[in-house]
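Secondary and tertiary structure notes
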Amino acid sequence: MQTSSPQIPDSTKNPHRERRDIVDALRAAGVAPQKLMELDQGRALAQWQNRKGEVRYERPRHHALSIYINEGDKARRVVNGRAVSQGFPGAVCLFPAGSQSTWQIDGQFEFFHLYFNDLDIARCAEQTWDCEPDRVELSERYHTQDPVLAQAGQLLALSDWLAPGQSMAMDHLAQWLLLQVVSRHSNVQQATPSVTGQLSLRYRRLLQERIHAQLDRTLTLADMAGWVNLSPYHFARLFRATFGCAPYQYVQEQRLTRARDLLRQPGSKITAIALNCGFNDASQFSRAFKARFGETPSVYRARTNAR
């Protein structure tokens, strides 16, 4: 998972980045991207800011969920030159692949996009409800009221996307957003299933062992759920009931605990320790370590070795 600076790379120039037609349309219209986070299996979250102009989405090959953060009353969907809907703070739009829409913007507002594809929808429906994946169809939504998704937009707005461990948290949130889209805005229209109980002792030990063995790697919610043959939705709830925290919080704690142990050993460079514990660089590691233990890794090492 990667978080970019505000300049979003051109997907046509990077064969490893999934092409996103809506991103291309916004960039072509001169809309200013604020940030982008690449998630697992081609999904992505983006924050945008628009001020004025016209934007056309012409049959994108992917799906997109849009959540307005603030303002938005100057954003209108236009059909045959006439405004047919108007935005508002918290407004939700859903653009299924192949949909068409035209937008007239007459004032500044900010919004989030979640980009995903047919495979994401099929996997979510099949794993969560044991539903035939080829029967799931998303509904087009334009300036719809959805308090649950609107609240998720506020959470995204308050989140520091560059914070240590945040990519795992965003992956967790994206999985949850997918679940809400399928359950609330598709022909499935089913409540999320209730989940009770805890993970078995065997699964608990398996997770502890595998997480600890792979702390230096990118760990996603889907990966960990697959280890115990559960959907991400069921896994996240059973994991919290078992361990008392979300999976991404548990992984972050294990990484920091391992790093603290390694800092007690002389000779290892702090940058090497950071990479060995799954952090992108020493700076990210230092921020996370200080937030957890109240001092930087270098101060902790000096204090410990001075004893």
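Residues numbered from 1 in each chain as written. Predicted model: local features only at pLDDT ≥ 70, side-chain atom pairs only at ≥ 80, totals over all residues. Heavy atoms only, no water.

**Description of the overall build of the protein**
If you tally the helices and strands in the protein, you get 11 helices and 11 strands. Taking 19 Å as the expected radius of gyration for a compact globule of 307 residues, we find that the protein reaches 21 Å, a close match to that expectation. Projected onto the principal axes, the alpha-carbon positions of the protein cover approximately 75 × 40 × 35 Å. Relative to its full complement of 307 residues, the protein shows a buried share of 50%. Here the analysis covers contacts within the protein between residues at least 6 apart in sequence; of these, 73% occur between residues at least 24 apart. Both charge centroids of the protein, one from 38 positive and one from 30 negative side chains, sit 7 Å from each other. (Helix = DSSP H or I, 4+ residues; strand = E, 2+ residues; numbered from the N terminus. Rg over C-alpha atoms; globule rule 2.2 N^0.38 Å. Buried < 20%, exposed > 50% of the residue type's maximum accessible area, 1.4 Å probe, protein only. Contact = heavy atoms within 4.5 Å. Lys, Arg positive; Asp, Glu negative; His and termini not counted. Charge placed at Lys NZ, Arg CZ, Asp CG, Glu CD.)

**Notes on the sheet that holds strand β9 (residues 100–105)**
Spatial ordering of the open sheet is given by β4-β9-β6-β7, a layout of four strands whose pairing is antiparallel. On the outer flanks of this sheet lie β4 (53–58) and β7 (82–86), each paired with one strand and no other. Neighbour-to-neighbour, the strand axes of this sheet turn through a mean angle of 35°, independent of strand direction. Two strands pair when backbone bridges link them, and strand β6 (residues 75–79) and β9 are joined in this way by four bridges, in the antiparallel orientation. The residue of β9 that forms the bridge with R77 is W103. (Pairing = 2+ DSSP bridges. Axes fitted to C-alpha atoms, helices over the stretch in contact; angles between N-to-C directions.)

**Digging into the domain arrangement of the protein**
Split by domain assignment, the protein resolves into domain 1 (15–190) and domain 2 (201–306). Averaged C-alpha coordinates put domain 1 and domain 2 at centres separated by 31 Å. If you look at the interface, domain 1 gives 14 residues, while domain 2 gives 21 residues. Across the interface of domain 1 and domain 2, roughly 1400 Å² is buried in total on both sides, 67% from carbon and sulfur atoms. (Domains from an automatic or database assignment. Buried area = accessible area lost by both parts, 1.4 Å probe.)

**Some thoughts on the side chain of D21**
By the secondary structure assignment, D21 is in helix α1 (residues 21–28). Apart from the residues within four sequence positions on either side, D21 is in contact with R59, P60, R61 and H62.

**Details of the UniProt feature "domain: HTH araC/xylS-type" (unreviewed entry) in the protein**
Per the UniProt record, "domain: HTH araC/xylS-type" (unreviewed entry) is found at residues 205–303. Structurally, residues 205–303 is divided into 72% helix and 0% strand, and its ends, taken at the C-alpha atoms, are 34 Å apart. (UniProt positions renumbered as here; feature names shortened; annotations may be inferred.)

**Things to note about the environment of G153**
With respect to the helices, strands and loops of the structure, G153 is situated in helix α3 (residues 147–158). Along the primary structure G153 and Y68 are separated by 85 residues, whereas in three dimensions their C-alpha atoms are 7.1 Å apart. Apart from the residues within four sequence positions on either side, G153 is in contact with I67 and F112.

**Examining the pattern of salt bridges**
Overall, the coordinates contain 11 salt bridges when judged by the stated rule. Two residues, R76 and D106, come together in a salt bridge whose shortest N-O distance is 3.2 Å. Of the two residues, R76 sits in strand β6 while D106 sits in the loop between β9 and β10 (109–116), which places them 30 residues apart along the sequence. Accessibility expressed as a relative area gives 23% for R76, which makes it partly exposed. Where salt bridges share partners, they join R43, D120, R123 and D171 into one cluster. (Salt bridge = Lys/Arg side-chain N within 4 Å of Asp/Glu carboxyl O.)

**Considering empty space enclosed by the protein**
For the structure on display, the rule yields four cavities of 30 Å³ or more. Approximately 100 Å³ is the volume found for the largest cavity. Every element with two or more residues in the lining of the largest cavity is listed here: β4, β5 (63–70), β8 (92–95), β9 and β10. Considering each element in turn, the lining of the largest cavity owes the most residues, three residues, to β10. Taken together, the residues of the lining of the largest cavity sort by class into 10 nonpolar, three polar and no charged. (1 Å grid on protein atoms, 1.4 Å probe; cavity = no way out; pocket = protein on both sides within 12 Å on 5 of 7 lines; lining within 4 Å. Points joined across faces, edges and corners; volume = space filled by probe spheres on them. Nonpolar A, V, L, I, M, F, W, Y, C, P; charged D, E, K, R; others polar.)

**Description of the environment of D171**
Among the secondary structure elements, D171 is positioned in helix α4 (residues 166–184). For D171, a relative accessible area of 1% gives the class buried. Between the alpha carbons of D171 and G90 there is a distance of 21 Å; along the sequence they are 81 residues apart.

**Description of helix α7 (residues 232–243)**
An ideal rise of 1.5 Å per residue puts 16 Å on 12 residues; α7 measures up with 16 Å between its terminal C-alpha atoms. With nine of 12 residues buried, α7 lies mostly within the body of the structure. Looking only at α7, the buried set comprises P232, Y233, H234, F235, A236, L238, F239, T242 and F243. Those residues of α7 hidden inside the fold are in contact with α2 (118–129), α4, α5 (201–213), α6 (221–227) and α8 (247–263). Directly beyond the C-terminal end of α7, a positive phi value near 80° is found at G244. (Expected span 1.5 Å × (residues − 1).)

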